[in-house]
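Structural characterization, general
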Amino acid sequence: MEFDKMTDMSRGVVYVAWGKDHVEVARRSAASVKRWNPGLGTAIWCKDGDDTSGFDHAFFIPEGLKRPKVNVLGESPFDETLFLDNDTVVRVELGSFFDLLRKYEMCGTQVILWHRPRHLKKIALDLPETFPEINTGVLLYRKTPAVLDFFRDWAETFAASGMGIDQPSFREVLWRSDVRFYVFPPQFNKRVFEASELIWSDAPRARILHLELLRPQKNPILRWISNRIR
């Protein structure tokens, strides 16, 4: 574990990146956080030896973890944490977003295509279709006993599931959990744009972009476009 700078430990943003290319896009996301929220701390879990410049804190991922974020989110250095997948860009000041934690313990958005079979995979529980999966790429939480219990249960359920994806286990753990959970607006985890939104729309502006185009891109044209998304 390494602490690079002294920051306010009450609120911060964390990332989990496996490999140099993913650290690079996480660094871009962290820069967007700082652009709008200079007082928020940032932390990254990555491999020993990765370049962690641009983050306030760095932690090294233990060996042997299949899906590291499932195991490390409960170890956040912050009292109130926004976890972001690396393929994200923050476009606003996040104070009122964190204020959701004055009432709730954990917040997330539902997956967009919740009706598709890939989002209805069962592990142990028969859950209603009307209880969709939560997209775990943007999660807001505070470290209460219930939340820490949730993360421990999630890690165990995910490991026992044998799945390579973590959202089915998150869904089942959330169903049986007592965590006070809130579903926030999709503009804080913007996955898809409708054609009308790209021309004109009265819908709220996207606050946090979470797009496949923001992932590491090998194609130079796609990489050029990706690096210019703001």
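Residues numbered from 1 in each chain as written. Predicted model: local features only at pLDDT ≥ 70, side-chain atom pairs only at ≥ 80, totals over all residues. Heavy atoms only, no water.

1. Thoughts on the overall build of the protein
Note the threshold: In this text, helices come from DSSP runs of H or I with a minimum length of four residues, and strands from runs of E with a minimum of two, each type numbered from the N-terminal end. Radius of gyration means the value over C-alpha atoms here, while the globule rule gives 2.2 Å times the residue count to the 0.38 power. Between buried and exposed lies partly exposed: a residue is buried under 20% and exposed over 50% of the maximum accessible area for its type, with that area taken using a 1.4 Å probe on protein chains only. The contact criterion used is simple: two residues touch if any of their non-hydrogen atoms lie within 4.5 Å. Residue exposure ignores everything except the shown protein chains as possible cover, and the areas themselves are Shrake-Rupley values with a 1.4 Å probe. Charged residues are defined narrowly, with Lys and Arg counted positive, Asp and Glu counted negative, and His plus the chain ends left uncounted. Here the site of a charge means NZ on Lys, CZ on Arg, CG on Asp, or CD on Glu.
Across its full length, the protein carries seven helices and 10 strands. In terms of C-alpha radius of gyration, the protein reaches 17 Å, essentially the compact-globule figure of 17 Å for 230 residues. Referenced to the eigenvectors of the C-alpha coordinate spread, the extents of the protein come out at roughly 45 × 45 × 35 Å. When the 230 residues of the protein are sorted by exposure, 49% land in the buried category. Long-range contacts, defined as pairs at least 24 residues apart, comprise 73% of the intrachain contacts of the protein with a sequence gap of at least 6. When the accessible surface of the protein is summed, it comes to about 11800 Å², and 53% of that surface belongs to carbon and sulfur atoms. Taking the average location of the 33 positive side-chain charges in the protein and that of its 31 negative ones, the two points are 5 Å from each other.

2. Quick word on helix α1 (residues 20–36)
One turn of the α-helix equals 3.6 residues, which is why residues spaced by three or four share an orientation. The criterion, for reference: The length a helix should cover is 1.5 Å for every residue beyond the first.
For α1, which comprises 17 residues, the first-to-last C-alpha distance of 25 Å matches the rise-based estimate of 24 Å (1.5 Å per residue) to within 8%. Buried within α1 we find Val23, Val25, Ala26, Arg27, Arg28, Ser29, Ala30, Ser32 and Val33. Elements in contact with the buried residues of α1: β2 (11–16), β3 (41–46), β5 (80–84), β6 (88–90) and α7 (220–226).

3. Considering the packing of aromatic side chains
The description of an aromatic ring pair uses the distance of the two centres, along with the angle that the planes make with each other. Rules: Only Phe, Tyr and Trp rings take part, Trp by its six-membered ring, and two of them pair if their centres are within 6.5 Å. Stacked means planes under 30 degrees apart, edge-to-face means over 60, and tilted covers everything else.
Enumeration over the complete set of coordinates arrives at 13 aromatic pairs. Taking the centre distance of 6.0 Å and the plane angle of 85° together, the rings of phenylalanine 150 and phenylalanine 151 count as edge-to-face. The pair formed by phenylalanine 150 and phenylalanine 151 is uniform in burial state, with each residue classed as buried. An aromatic cluster is defined as three or more aromatic residues linked by ring pairs; in this entry it consists of Tyr141, Phe150, Phe151, Trp154, Phe170 and Phe181.

4. Things to note about the pairing of β2
Worth spelling out the cut-off: What makes two strands pair is DSSP finding at least two bridges between them. By convention, orient the strands away from the viewer: a clockwise path from the first strand over the helix to the second makes the crossover right-handed.
A large share of β2 lies buried, amounting to five of its six residues. Both β2 and β5 contribute to a ladder of four bridges, which runs parallel. Looking at β5, one finds that glycine 12 is bridged to threonine 81. Judged from the five bridges that link them, β2 and β3 form a sheet pairing that is parallel. For tyrosine 15, the partnering residue across the bridge sits in β3 and is isoleucine 44. Between the parallel pair β2 and β3, the chain is carried across by α1, and the sense of this crossover is right-handed.

5. Focus: the pattern of salt bridges
We apply this condition: Note on definitions: salt bridges are taken to be side-chain nitrogens of Lys or Arg within 4 Å of carboxyl oxygens of Asp or Glu.
Scanning the entire structure with this criterion turns up 13 salt bridges. With a closest N to O distance of 2.9 Å, aspartate 99 and arginine 11 form a salt bridge. Remark: arginine 11 occurs in strand β2 and aspartate 99 occurs in the loop between α3 (95–98) and β7 (106–110); sequence separation between them is 88 residues. Overlapping salt bridges, with partners in common, bring together Arg67, Lys69, Asp85 and Asp166 in one network.

6. So, the environment of lysine 20
By secondary structure assignment, the location of lysine 20 is in helix α1. By relative accessible area, lysine 20 is classed as exposed at 62%. In sequence terms lysine 20 and aspartate 50 are 30 residues apart; their C-alpha atoms lie 6.5 Å from each other.

7. Some thoughts on a nonpolar patch on the surface
Defined as follows: Patch construction takes residues with relative accessible area above 30% that form no salt bridge. Like charges are linked within 9 Å, and nonpolar side chains (Val, Leu, Ile, Met, Phe, Trp, Tyr) are linked within 5 Å.
Taken together, the side chains of Phe193, Leu198, Ile199 and Trp200 present a nonpolar region at the surface, about 530 Å² in accessible area. Looking at the secondary structure, you find isoleucine 199 in helix α6 (residues 195–199).

8. Some remarks on the environment of serine 32
The condition that has to hold: The term polar contact refers here to a pair of N or O atoms within 3.5 Å; inside protein, the definition further demands a hydrogen-donor-capable atom paired with an acceptor-capable atom, and it admits residues adjacent in sequence only when both atoms are side-chain atoms.
Within the fold, serine 32 resides in helix α1. Residue classification places serine 32 among the buried positions, given a relative accessible area of 1%. Along the backbone, serine 32 and arginine 230 are 198 residues apart, and their C-alpha atoms lie at a distance of 8.1 Å. Among all residues touching serine 32, those that are not within four sequence positions of it are Val89 and Val90. Side-chain polar atoms of serine 32 contact the backbone oxygen of serine 29, separated by 2.6 Å.

9. Overview of helix α4 (residues 145–161)
Over its 17 residues, α4 extends 24 Å from the first C-alpha to the last, a length consistent with the 24 Å expected when each residue adds 1.5 Å. Inspection of α4 places Val147, Phe150, Phe151, Trp154, Ala155, Thr157 and Phe158 among the buried residues, and these make up the whole buried set. On its buried face, α4 sits against α2 (68–72), β7, β8 (134–142) and α5 (167–176). Positioned one or two residues after α4, glycine 162 has a phi angle of 75°, which is positive.

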